[in-house]
Structures are given as structure tokens and as C-alpha cells.
Amino acid sequence: MRIVAVDVGGTHARFAIAHLRDDGRPVLEEVRKYKTANHASLADAWAAFGRDSGGDLPRAACIAIAGPVDGELIRFTNNGWTLQPATLGRDLGLDGDPLLINDFAAMAAAVAVLEDEELVHIGGPEGPMPENGVTTVIGPGTGLGVAQLLRWQGRRIVLATEGGHLDFAALDDFEEKLLRRLRQRHRRVSTERVVSGPGLGEIHETLAFVGAHSIVPGDDATLWAAAIEGTDKLAAQALDHFIMAFGSVAGDLALAHGANAVVVTGGLANRIRDRLAGPLFNDRFRAKGRFAQRMAEFPIRLAVHPDPGLLGAAAAYQEANR
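Source: prediction; values computed, not measured.

## A word on helix α10 (residues 279-286)
When α10 is considered as a whole, its buried residues turn out to be F281, N282, R284 and F285. Along the axis of α10, the buried residues cluster in a sector spanning 165°; they form a single face.

## Let's talk about the sheet that holds strand β11 (residues 144-152)
An order of β9-β14-β13-β10-β11-β12 is seen for the 6 strands of this open sheet, with the pairing classed as mixed. Every interior strand has two partners, whereas the edge strands, β9 (119-123) and β12 (155-160), have only one. Taking each pair of neighbouring strands and ignoring which way they run, the sheet shows an average axis angle of 30°. Where β9 meets strand β14 (residues 300-303), 4 bridges bridge the pair, whose relative direction is antiparallel. Directly across from H121, in β14, lies its bridge partner R301. Sheet strands touched by helix α7 (residues 233-257): β10 (133-140), β11 and β13 (261-264). Its angle to β10, the strand with the most contacts, is close to 150°.

## Considerations on the packing of α7 against α10
When two helices pack together, their arrangement is captured by the angle between the axes and the distance separating the axes. Two elements in contact, α7 and α10, have axes whose closest approach is 7 Å; the angle formed by their N-to-C orientations is 35°. Handedness of the α7/α10 crossing: right-handed. Facing D240, I243, M244, A245, F246, G247, S248, A250, G251 and A254 of α7, the residues of α10 in contact are L280, F281, R284 and F285. Across the contact of α7 with α10, the residue classes tally to 9 nonpolar, 3 polar and 2 charged.

## Focus on helix α3 (residues 103-111)
Taking burial as the measure, the 9 residues of α3 include 8 buried ones, the bulk of the element. Those residues of α3 lying buried are F104, A105, A106, M107, A108, A109, A110 and V111. Backbone nitrogen of F104 and a side-chain oxygen of the N-cap are separated by 2.8 Å at the start of α3; the cap is N102.

## Digging into the environment of F104
Checked against the element boundaries, F104 lands in helix α3. Judged by relative accessible area, F104 falls into the buried class, the value being 9%. As a C-alpha pair, F104 and R183 span 79 residues in sequence and 27 Å in three-dimensional space. Setting aside residues no more than four positions away along its own chain, F104 makes contact with V137, I138, G139, G145, V146, A147 and T265.

Reading guide: rules and limits
- The numbers attached to residues start from 1 for each chain and follow its sequence in the written order.
- Given that this is a predicted model, residues contribute local features only at a pLDDT of at least 70 and side-chain atom pairs are listed and counted only at 80 or more, while totals for whole chains, interfaces and linings are drawn from all residues.
- Water and hydrogen atoms play no part in the side-chain values, which are based on all heavy atoms of the structure.
- In this scheme, a residue with accessible area under 20% of its type's maximum is buried, one over 50% is exposed, and one in between is partly exposed, where area comes from a 1.4 Å probe on protein chains only.
- Segments assigned H or I by DSSP are reported as helices when at least four residues long, segments assigned E as strands when at least two residues long, and all are numbered from the N terminus.
- An arc is given here, and it is the one of the directions from the helix axis to the C-beta atoms.
- Two strands pair under a simple rule: DSSP has to find at least two bridges between them.
- Between N-to-C directions, angles cover 0 to 180 degrees, with each direction set by a line fitted to C-alpha atoms, over the stretch in contact for helices.
- Here, residues are in contact when the closest pair of their heavy atoms is within 4.5 Å.
- Less than a right angle of anticlockwise turn of the near helix away from the far helix marks a crossing as left-handed, whereas a clockwise turn marks it as right-handed.
- Amino acids outside the nonpolar list (Ala, Val, Leu, Ile, Met, Phe, Trp, Tyr, Cys, Pro) and the charged list (Asp, Glu, Lys, Arg) are all regarded as polar, and Gly is one of them.
- Between N or O atoms, a polar contact is any pair within 3.5 Å; within protein, one atom must be a potential hydrogen donor and the other a potential acceptor, and residues adjacent in sequence are included only when both atoms are from side chains.

Honestly, that's just the spatial picture; any functional story needs more than this.
Structure, rendered in C-alpha cells:
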């Protein structure tokens, strides 16, 4: 069976035709990417994909969406598109309704079908992932995506969560200062205010404030590049604090989920792969008091597939129609 797999974010919509198989994971054809700003709607981008693919599209689809997928009208935070689930199948020329899933649920569905070599060791014991139990899937981006993957008796069940919106817990003097500064603007400070792409800027500004350093405000992409490349000492220091906070949050969520494994996903995480494998992340992940030994037993992996959102959309459709 063939379906169209779609991964819609604020800036881009990605499409691929996926071949579903009874004896293995879906296979993606060529991935095509479209800027949402260049298309009036999903249906418009869908039509462009159909033209570029050079043939009739499959009449079934799974669409991963950056945001909640319930309700009569779905709005996107970072683009002007809206979706009406009740009419979407007809608008796209499908035989029925498409399967709509949260984009991070798609990430977790992808994790369920990744090969061992696509899950790179960054912490905990070496070896294969557990065959049964809960895996916490987490990844920083524009926000902090969190999902649960339950493997049980051959089934793979994905649970979307809003774990990125738990309260941020400060664990050292600097994080207390960071939390106080954030509370001046936000009555409630969630974890994704710190552990996300924009969070590095908040850390950087707080370091400058505490150390009485002058900084030139800039965009997130420039700051991340300076931090990763080490061309700016304060930005690199901010990244160290980001890594520590990320380790703490990942460990907290794994405990809350009753998990026995953790997988980190996303393009941003792949850019800091070596740092995630270091002690700043892993020491904070394990620093859970009486549960420190339990935390040391968690295998922690980084997903390195190039298009996990599309693979996950296809995998979710395949699992739903087993």
C-alpha cells in the first residue's frame, strides 16, 4: 500500500510517498520540502507536491502537525494555514479522512521502527533497546517536544504529551538567577522556556547580566552557531548550562513516565551530539538522589534518521491499520 506522508511545521511542509509493508518499516520515496509562506494552504502545497512527483498521488495520507490535532479547526502558530479535519480528506482528494497526528508523536512513531545503527549511544549502558516498556522521546526545537513510546508484546503505542510545559526546576545558583529573571516576564516558567532553541538566548542574556558583560542582541541561529563553534566564549558557556538543564529535564520526564529508555531526537540535538554524550548531560540526567542508580541503567540514544517526522507519519499509519 502507498500513502502520502506529510510533516507540517511553521516554516516548511515536507512530503513523501511512503510504501507500507507487512514485514518491515515503511519505505520513503524522495522527500520534497515546501515553504509554507509560499503556499496559501496545505491543499496548495499538496497540489505542488503532486505536480513535482509527476503522477497521481495515493488516496490515503498521514499528516503530522506541529501542534494539537483535536478540535474542529486546527491553526498553526507560525504560519497562516488552517485545517478543517471534517473536510480535509475531500480537499486533498483522498478516499477518506487522513490520519492526523501531533508532530512529536510522529517522532516517537519513527523511534519505534529505527534500526540500531540509527540510534546512536549517548549515555547509559551499551546494547539493544528494551523490547518492552516505555521509552521517553524528547527533543528541543522551537519548543520542547515530548512523547512516550510504549512497546508491549509486539505492539508500538505512541502517547503524545505536553511534557515540555512542566515547571522548570532550578538546581544550582545560576539556574535560580535564570528562573528569577524569567519570572519577571512569565508568571509560570515552563521547561521549554530554557530547554529549547530560544532558551539558549535566555541563558546567554542571564550570564551577561550576572557577569556584567555587554552583548550584542542577535537571532537564535547566530547564537547557536557561535555556541557550537566556540567562537563566542559566553555563548559557549550558555550552551554548557543548556546541556545541563536538558539532562535534568530528560531525567525528570523519564522518571515521571516510568520509562526504561530515552531517545533524543531532532536536528538541534544532532548538532550537539558530542556534548550530549558528555558528562554535563549525563551527570545531570542521573542526579536524582535515591534513584541515581536506577537512572544509570537507562539506555540513552540519539535518533539520527534524516526525516523522522515523515518516517513516523508513515509508521503511525501502518501501526493504526495493522
